[in-house]
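Residue-level listing of the chains:
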Amino acid sequence: GTEADNLPLLSLLRSPNPSGSLIVSAIEHPAVREPAAALGRRGFSPRWLRPGADGIVAPEALAAEVSAAVAAGRPPKLVAVMAVNNETGAVMDVPALVRAARETAGDRTRQLRFHCDAVQAVGKIPVNLAAWGVDSAAFSAHKIGGPRGIGLLYSRRPLEPTFRGGGQE
């Protein structure tokens, strides 16, 4: 699960222009928060999005953060918001968040990547990645009765690999 959360963020380091802003919810698991902070030390500008008092990240709050990043001349390259908070159980409206981010950024070409930590979601809420519209999502086998240490990364499009070693990578 940690690798699946790390790869979409850290693959930005291998992009043609490794800089820009990221918008990350402030309640993300450390598997997302820590690579976002590391990107901040490498030329990216992480923007930390706070949830409301109910623990929910509101689409309007995300739209305002995207708008501020665009106005500052650093449109976000990636947004990361978890589906279900691992501490509070708060459930995010992922499809509405994806729409808010893309519409506010004017992202008709889907250049903005949206990553969702869905580790806590599987088996607890309906998960439909196509309907959600995310570019990547992380899962962990032990949350659904599988062995510890096994994760899954869904990626709608190829990521720039952080490891090299052949086609299997």
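Below or above, wherever it landed, is the structure these notes cover. Quantities reported herein were computed from a predicted structural model and do not represent experimental measurements.

Rules behind the numbers
Residues numbered from 1 in each chain as written. Predicted model: local features only at pLDDT ≥ 70, side-chain atom pairs only at ≥ 80, totals over all residues. Heavy atoms only, no water. Helix = DSSP H or I, 4+ residues; strand = E, 2+ residues; numbered from the N terminus. Buried < 20%, exposed > 50% of the residue type's maximum accessible area, 1.4 Å probe, protein only. Contact = heavy atoms within 4.5 Å. Salt bridge = Lys/Arg side-chain N within 4 Å of Asp/Glu carboxyl O. Pairing = 2+ DSSP bridges. Axes fitted to C-alpha atoms, helices over the stretch in contact; angles between N-to-C directions. Lys, Arg positive; Asp, Glu negative; His and termini not counted. Arc of directions from axis to C-beta.

### With respect to the overall build of the protein chain
Part 1 of the reasoning: A tally of helices and strands in the protein chain yields 5 helices and 6 strands.
Part 2 of the reasoning: Along the protein chain, helices (α) and strands (β) appear in the sequence α-β-α-β-α-β-α-β-α-β-β when read from the amino end.
Part 3 of the reasoning: Buried residues in the protein chain amount to 41% of all 169 residues.
Part 4 of the reasoning: For the protein chain, restricting intrachain contacts to residue pairs at least 6 apart in sequence, the fraction spanning at least 24 positions comes to 62%.

### Considering the pattern of salt bridges
Part 1 of the reasoning: Here the structure, examined in full by the defined rule, presents 4 salt bridges.
Part 2 of the reasoning: Where Glu65 meets Arg47, a salt bridge forms, and the shortest distance between an N and an O atom there is 2.8 Å. In this pair, Glu65 sits in helix H3 (residues 59–71) while Arg47 sits in strand E2 (residues 44–49), placing the two residues 18 residues apart along the sequence.
Part 3 of the reasoning: On the accessibility criterion, Arg47 (22% relative accessible area) is partly exposed.
Part 4 of the reasoning: Asp135 serves as the salt-bridge partner of Arg157, at 4.0 Å between the closest nitrogen and oxygen. Remark: Asp135 occurs in the loop between helix H5 (129–132) and strand E5 (136–140) and Arg157 occurs in the segment after strand E6 (151–155); sequence separation between them is 22 residues.

### Concerning the environment of Ala53
Part 1 of the reasoning: Relative to the elements of secondary structure, Ala53 occurs in the loop between E2 and H3.
Part 2 of the reasoning: The exposure class of Ala53 is exposed, given its relative accessible area of 93%.

### As for the sheet that holds strand E1 (residues 20–25)
Part 1 of the reasoning: The sheet built from 6 strands is open, its strands ordered E2-E1-E3-E4-E5-E6 with mixed pairing. The open sheet terminates on both sides in strands that have one partner only, identified here as E2 and E6. For this sheet, the mean angle separating the axes of adjacent strands, direction not counted, is 15°.
Part 2 of the reasoning: Relative to strand E3 (residues 76–80), E1 is paired through 4 bridges, and the arrangement is parallel. The partner of Ile23 across the bridge, within E3, is Val79.
Part 3 of the reasoning: On top of the sheet, helix H1 (residues 2–10) reaches E3, strand E4 (113–117), E5 and E6; it is set at about 165° to E4, its chief contact.
Part 4 of the reasoning: Those strands touched by H3 are E1, E2, E3 and E4, and its axis lies near 155° from that of E2.

### Section: the side chain of Arg113
Part 1 of the reasoning: Counting through the fold element by element, Arg113 comes out in strand E4.
Part 2 of the reasoning: Buried charge without a partner: Arg113 forms no salt bridge, and the closest opposite charge is Asp135, 6.0 Å away.

### Looking at the side chain of Arg157
Part 1 of the reasoning: In this structure Arg157 comes out as buried when scored by relative accessible area, which is 19%.
Part 2 of the reasoning: When sequence neighbours within four positions are dropped, the list of residues in contact with Arg157 reads Arg110, Gln111, Leu112, Arg113 and Asp135.

### Quick word on H1
Part 1 of the reasoning: Listing the buried residues of H1 in full gives Ala4, Asp5, Pro8 and Leu9. Mapping the buried residues of H1 onto a view down its axis gives an arc of 130°, with all of them on the same face.
Part 2 of the reasoning: Residues of H1 that are buried sit in contact with helix H2 (30–40), E3, E4, E5 and E6.

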